[in-house]
Amino acid sequence: SDLRPYFGHYKQKDRIWICRYCGYASYGADFFKPFNKRKMSESLKPVGKLYPSYNAIPSDYKFLAANAAYVARGKNPKFFGRLFLRAMWSAREEKKDIAIQSFRRAAILAMRLAAKRKLFALQELPAACLQLADILRQEGQWAESRYWLERSYHSLEKANKAKIKARYARFINRWILQI
């Protein structure tokens, strides 16, 4: 019951690419962008072991390495919220319960921080709040899930008053009315 069908499936640009030798990982579009090598190697140390070329690299490892690389690049919490959502979906496809739970909790923290810092534009705030409400519900945090669901509805109303077309507005209205 996640919102993945509404927030997009994996495409080639959403895949995490990883270097088997140094451990650097990122989305394809960012893979060849220059970075500070010292800062990057320091941030990748906690990620740990590298995988030889004959072994398949688990996706949860790729996302952890990408997280470390993007920390070194100084990305904002909104970016990390989306990264951890993709990591959670990837772990769900591989049926790794511990990874699902840890990525879900990381996504919750990142998205809460992004909403608190007002990093979401008004047109994307209702969908982000609804996504946060859904993953909080999956985590069993019902009271906070209700808060974010209400916040999603109020931000959708605010966007409608400002005549801003919110993303997934019809879906959000349908989803809220079903509850």
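Each value, and the rule that gives it
- Note on numbering: residues in each chain are counted from 1, in written sequence order.
- In view of the model being predicted, local features appear only for residues whose pLDDT reaches at least 70, and side-chain atom pairs are presented and counted only at 80 or more, with totals across whole chains, interfaces and linings using the full set of residues.
- Only hydrogens and water are removed before side-chain values are computed, so all heavy atoms of the structure are retained for them.
- The term nonpolar core refers to a set of buried residues drawn from Ala, Val, Leu, Ile, Met, Phe, Trp, Tyr and Cys, joined through side-chain atoms within 4.5 Å.
- A 1.4 Å probe rolled over the protein chains alone gives each residue an accessible area, and that area as a share of the maximum for its type sets the label: buried under 20%, exposed over 50%, partly exposed in between.
- A helix here means a DSSP run of H or I that spans at least four residues, while a strand means a run of E at least two residues long, and both kinds are numbered starting from the N terminus.
- The contact criterion used throughout is that any non-hydrogen atoms of two residues lie within 4.5 Å.
- For this document, the term salt bridge refers to a Lys or Arg side-chain nitrogen within 4 Å of an Asp or Glu carboxyl oxygen.
- Multiplying 1.5 Å by the helix residue count minus one yields the expected span of that helix.
- Every residue is assigned a pLDDT by the predictor, reflecting its confidence on a scale from 0 to 100.
- Axis lines are fitted to C-alpha atoms, over the contacting stretch for helices. Their N-to-C directions set the angle, which ranges from 0 to 180 degrees.
- Orientation is classified from the angle alone, with under 35 degrees giving roughly parallel, over 145 giving roughly antiparallel, 65 to 115 giving roughly perpendicular, and any other angle giving oblique.
- Left-handed is the label given to a crossing in which the near helix is rotated counterclockwise from the far helix by less than a right angle, and right-handed is the label when the rotation is clockwise.
- Each residue is assigned to one class: nonpolar for Ala, Val, Leu, Ile, Met, Phe, Trp, Tyr, Cys and Pro, charged for Asp, Glu, Lys and Arg, and polar for all the others, Gly among them.

Caption draft 1: Just the nonpolar core, in detail. Ranked by internal contacts, the top residues of the largest apolar core, which has 46 residues, are L83, F103 and I135. Of all the elements in the fold, those that place two or more residues in this core are β1 (16-18), β2 (25-27), α3 (59-73), α4 (77-93), α5 (97-116), α6 (125-139), α7 (142-161) and α8 (169-178). Element by element, the count of residues in this core is highest for α5, at ten residues. Setting aside its immediate chain neighbours within four residues, F103 contacts D60, F63, L64, F84, A87, M88 and A91. Membership of the second largest hydrophobic core comes to seven residues, among which are F31, M40, L44 and A69.

Caption draft 2: Spatial organisation of the pattern of salt bridges. Tallying each qualifying case throughout the model produces nine salt bridges. Of the charged contacts in the structure, one is a salt bridge between D60 and K96, with a shortest N-O distance of 3.1 Å. Here K96 lies in the loop between α4 and α5 and D60 lies in helix α3, a separation of 36 residues in the sequence. For D60, a relative accessible area of 22% corresponds to the partly exposed category. According to the relative accessible area criterion, K96 is partly exposed, its value standing at 26%. Notably, a salt bridge pairs E139 with R105, separated by 2.5 Å at the nearest N-O pair. Separated by 34 residues along the polypeptide, E139 in helix α6 and R105 in helix α5 bring together distant segments of the chain. Taking the relative accessible area as the measure of exposure, E139 reaches 17% and is therefore buried. Sharing partners across several salt bridges, the network here consists of D60, E94 and K96.

Caption draft 3: Representation of α6 within the structure. The end-to-end C-alpha distance of α6 is 21 Å, a good match for the 21 Å that 15 residues give at a rise of 1.5 Å each. The buried fraction of α6 is high, at 13 of 15 residues. In the stretch just after α6, G140 is the one whose phi turns positive, near 90°.

Caption draft 4: Focus on the environment of G23. Locating G23 in the fold gives a position in the loop between β1 and β2. Residue G23 is classed as buried on the basis of its relative accessible area, which comes to 3%. As a C-alpha pair, G23 and K45 span 22 residues in sequence and 9.1 Å in three-dimensional space.

Caption draft 5: Representation of α3 in the model. Over its 15 residues, α3 extends 21 Å from the first C-alpha to the last, a length consistent with the 21 Å expected when each residue adds 1.5 Å. All of the buried residues along α3 are S59, Y61, F63, A65, A66, N67, A68, A69, Y70 and A72. The inward-facing, buried residues of α3 contact β1, β2, α2 (37-44), α4 and α5. Downstream of α3 by one or two residues, G74 has phi in the positive range, about 80°.

Caption draft 6: Seen up close, the confidence of the model for the protein chain. Averaged over every residue, the pLDDT of the protein chain is 82; the share at 70 or more is 85%. Within the protein chain, the element-level pLDDT minimum falls on helix α1 (residues 4-7), averaging 44, and the maximum on α5, averaging 93. Predicted confidence is poor over residues 1-8, with pLDDT under 50, and the contacts of this stretch with residues over four places away or in other chains come to 22 contacts.

Caption draft 7: Region of the structure containing the packing of α4 against α6. The N-to-C vectors of α4 and α6 enclose an angle of 45°; their axes lie 13 Å apart at closest approach. With respect to each other, α4 and α6 are oriented oblique. Taken as a pair, α4 and α6 cross one another with a handedness that is left-handed. Each of L85, M88, W89 and R92 in α4 lies in contact with α6, whose residues at this interface are Q131, I135 and Q138. Here the residues of the contact of α4 with α6 are counted per class, giving four nonpolar, two polar and one charged.

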